Amino acid sequence: MKKKVLVIYFTQSGQLNKAVKATLGPLENNAEIEIDYEQLKPKTPYPFPWTYMQFFDAFPETVRGTACELEPFTFNTSGNYDLVIIAYQPWFLSVSVPVNSFLQTAEAKQLLKNKKVVTILACRNMWLNAQEKMKVALQSVEAKLVGNITYVDKSANLISLVTVFAFALGGVQDKYLGIFPKYGVSEKELTEQAPVLGEIILKHLKTNEYSNQQQELIDAGAINIKSNLMLLEGRGKVLFPLYANYISKKGTSGTADRKTRVRIFGIVLPTAILILSPIITILSRLAPVLFPKKIKRETDYYSNNSLRQ
Ligand SMILES: Cc1cc2nc3c(=O)[nH]c(=O)nc-3n(C[C@H](O)[C@H](O)[C@H](O)COP(=O)(O)O)c2cc1C
């Protein structure tokens, strides 16, 4: 009997979709596998490119996990899927609103209960906290996370900070100002590495035995963690909810009363990254020397699919 896979995804520019297609090539080409795709569509579409205010105004609801309304789904909620793939991008160190909204629906609860799930992310470089939120969401619907693949922009943090803004706010992906590298996941990674990761998923899907899958994915380079970014995310994880609540006290998405607080955040966030990034990079060079066990323990934890108690 054919194995059935459902891919749930949301993408604005198509980058994530490209990463998913590249990964699932080996499954697509296998006659024993059947794949259904479900693209999540918010009833009020998110803009792309975003204006400065639209972008930062999305911060409080994203961090607080407030759901948006989605167009009706086409997949069969009681469909007997052997594997569900959730492909998403982090927004503000959290699961992007459309995917997080999906996870809160009755359909998701019905679909995902007792299902094996693989997550695929394509993002800038900060995904640890979003994946922790994903783990919590999956646990609450009784799904089992059996694999995680992350595709990131491999440029230095401050370079991709500039290029992600040029992309998200200006729609310019390639050679911003003629000097910056292309934003996003490299073509080489998608053509060379992604199918290798897909083969690993295919192998485990065929046997329905996933106990070693994540380790094989890690060994094949599916996980990208840098200790400087781990430290930087640690700061954001604490501060973001506080500022998200502070903005929300002035009103809901788009309200005029909260504009000043949103605007301040839009200045403070890039400035803080700009200032903290070099300091944290120095600290992160020292951290593995000063606290080798802790850094290794944290890297191992975030590379894997268990959820800390
Ligand atoms: C509102 C917003 C917030 C973002 N926050 C993050 C983030 O916290 N970490 C990260 O690595 N990338 C972040 N990104 C980049 C996205 O993960 C992703 O690379 C980009 O949006 C393109 O994805 P897509 O076109 O497939 O939707 C953010 C993008 C947007 C639009």
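Rules behind the numbers
- Residues numbered from 1 in each chain as written.
- Predicted model: local features only at pLDDT ≥ 70, side-chain atom pairs only at ≥ 80, totals over all residues.
- Heavy atoms only, no water.
- Helix = DSSP H or I, 4+ residues; strand = E, 2+ residues; numbered from the N terminus.
- Polar contact = N/O pair within 3.5 Å; in protein donor to acceptor, adjacent residues only side chain to side chain.
- Salt bridge = Lys/Arg side-chain N within 4 Å of Asp/Glu carboxyl O.
- Buried < 20%, exposed > 50% of the residue type's maximum accessible area, 1.4 Å probe, protein only.
- Pairing = 2+ DSSP bridges.
- Right-handed = clockwise from strand over helix to strand, strands pointing away.
- Expected span 1.5 Å × (residues − 1).
- Contact = heavy atoms within 4.5 Å.
- Axes fitted to C-alpha atoms, helices over the stretch in contact; angles between N-to-C directions.
- Core = buried A, V, L, I, M, F, W, Y, C linked by side-chain atoms within 4.5 Å.
- Bend = angle between axes of the 7 residues up to and from the residue.

Chemist: What is the right way to read the side chain of T105 from this model?
Modeler: The residue T105 is located in the loop between helix 4 (97-103) and helix 5 (106-112) in this model. Polar contacts involving the side chain of T105 include one to the main-chain carbonyl oxygen of F102, which spans 2.7 Å.

Chemist: Mind showing me how you'd approach the pattern of salt bridges here?
Modeler: Side chains that carry opposite charge are capable of pairing whenever their charged atoms lie near each other. Inspection of the entire model under this criterion finds 13 salt bridges. Between E187 and K18 there is a salt bridge, with the nearest N and O atoms lying 2.6 Å from each other. Within this pair, whereas E187 is found in helix 8 (residues 187-207), its partner K18 is found in helix 1 (residues 15-28), the two being separated by 169 residues in sequence. Overall, the relative accessible area of 44% leaves K18 in the partly exposed class. Residues K113 and E142 are paired through a salt bridge, measuring 3.4 Å at the closest nitrogen-oxygen approach. Note that K113 is positioned in the loop between helix 5 and strand 6 (116-123) and E142 in the loop between helix 6 (128-140) and strand 7 (144-152), a separation of 29 residues in sequence.

Chemist: What's the story with the pairing of strand 7 in this structure? I'm lost.
Modeler: Consecutive side chains along a regular strand alternate between the two faces of the sheet. Summarising burial for strand 7: eight of the nine residues are buried, a large majority. In this structure, strand 6 lies alongside strand 7, joined through eight bridges in parallel fashion. Each residue of the ladder has a partner; that of V118, found in strand 7, is G147. The parallel pair strand 6 and strand 7, bridged by helix 6, forms a crossover whose chirality is right-handed.

Chemist: How should I be thinking about helix 7 (residues 157-170) in this particular structure?
Modeler: Side chains of residues three or four places apart in an α-helix project in the same direction, reflecting 3.6 residues per turn. Here helix 7 contains 14 residues, and its C-alpha end-to-end distance of 19 Å stays within 8% of the 20 Å for a straight helix at 1.5 Å per residue. When helix 7 is considered as a whole, its buried residues turn out to be N157, S160, L161, T163, V164, F165, A166, F167 and A168. Tucked into the core, helix 7 has its buried residues touching helix 2 (52-57), helix 10 (227-248) and helix 11 (259-290). Just beyond helix 7, the residue with positive phi is G171, at close to 75°.

Chemist: For this particular structure, what's the right way to read the sheet that holds strand 6?
Modeler: Whether parallel or antiparallel, the strands of a sheet pair through hydrogen bonds between backbone atoms. Pairing within the open sheet is parallel, and its five strands lie in the order 2-1-3-6-7. Each edge of the open sheet is held by one strand with a lone partner, namely strand 2 (33-39) and strand 7. Taken over all neighbouring pairs, the strand axes of this sheet differ in orientation by 20° on average, direction set aside. Running over the sheet, helix 8 touches strand 1 (3-9), strand 2, strand 3 (83-88), strand 6 and strand 7 and is turned about 175° from strand 7.

Chemist: What is the right way to look at the nonpolar core in this model?
Modeler: Side chains of a nonpolar character, in soluble globular proteins, are inclined to be buried together. By size, the foremost hydrophobic cluster in this structure holds 63 residues, and its most contacted members are I86, F92, F102, L111, L112 and L138. When near neighbours in sequence (up to four residues on either side) are disregarded, F102 contacts I8, L40, L70, F73, F75, A108, L111 and L112. If you look at the next biggest cluster of nonpolar residues, it comprises 31 residues, including V5, I35, I120 and A194.

Chemist: Is there a simple way to think about helix 10 in this case?
Modeler: Taking 1.5 Å of rise per residue, 22 residues should cover 32 Å, and helix 10 covers 32 Å from first to last C-alpha, within 8% of that figure. Along helix 10, the sharpest change in direction is near 30° and occurs at L239; proline P241 comes one to four residues later. Of all the positions in helix 10, only S227, N228, L229, M230, L232, E233, G236, F240, A244, I247 and S248 are classed as buried. If you follow the buried residues of helix 10, they end up packed against helix 3 (59-64), helix 6, helix 7, helix 11 and helix 12 (292-303).

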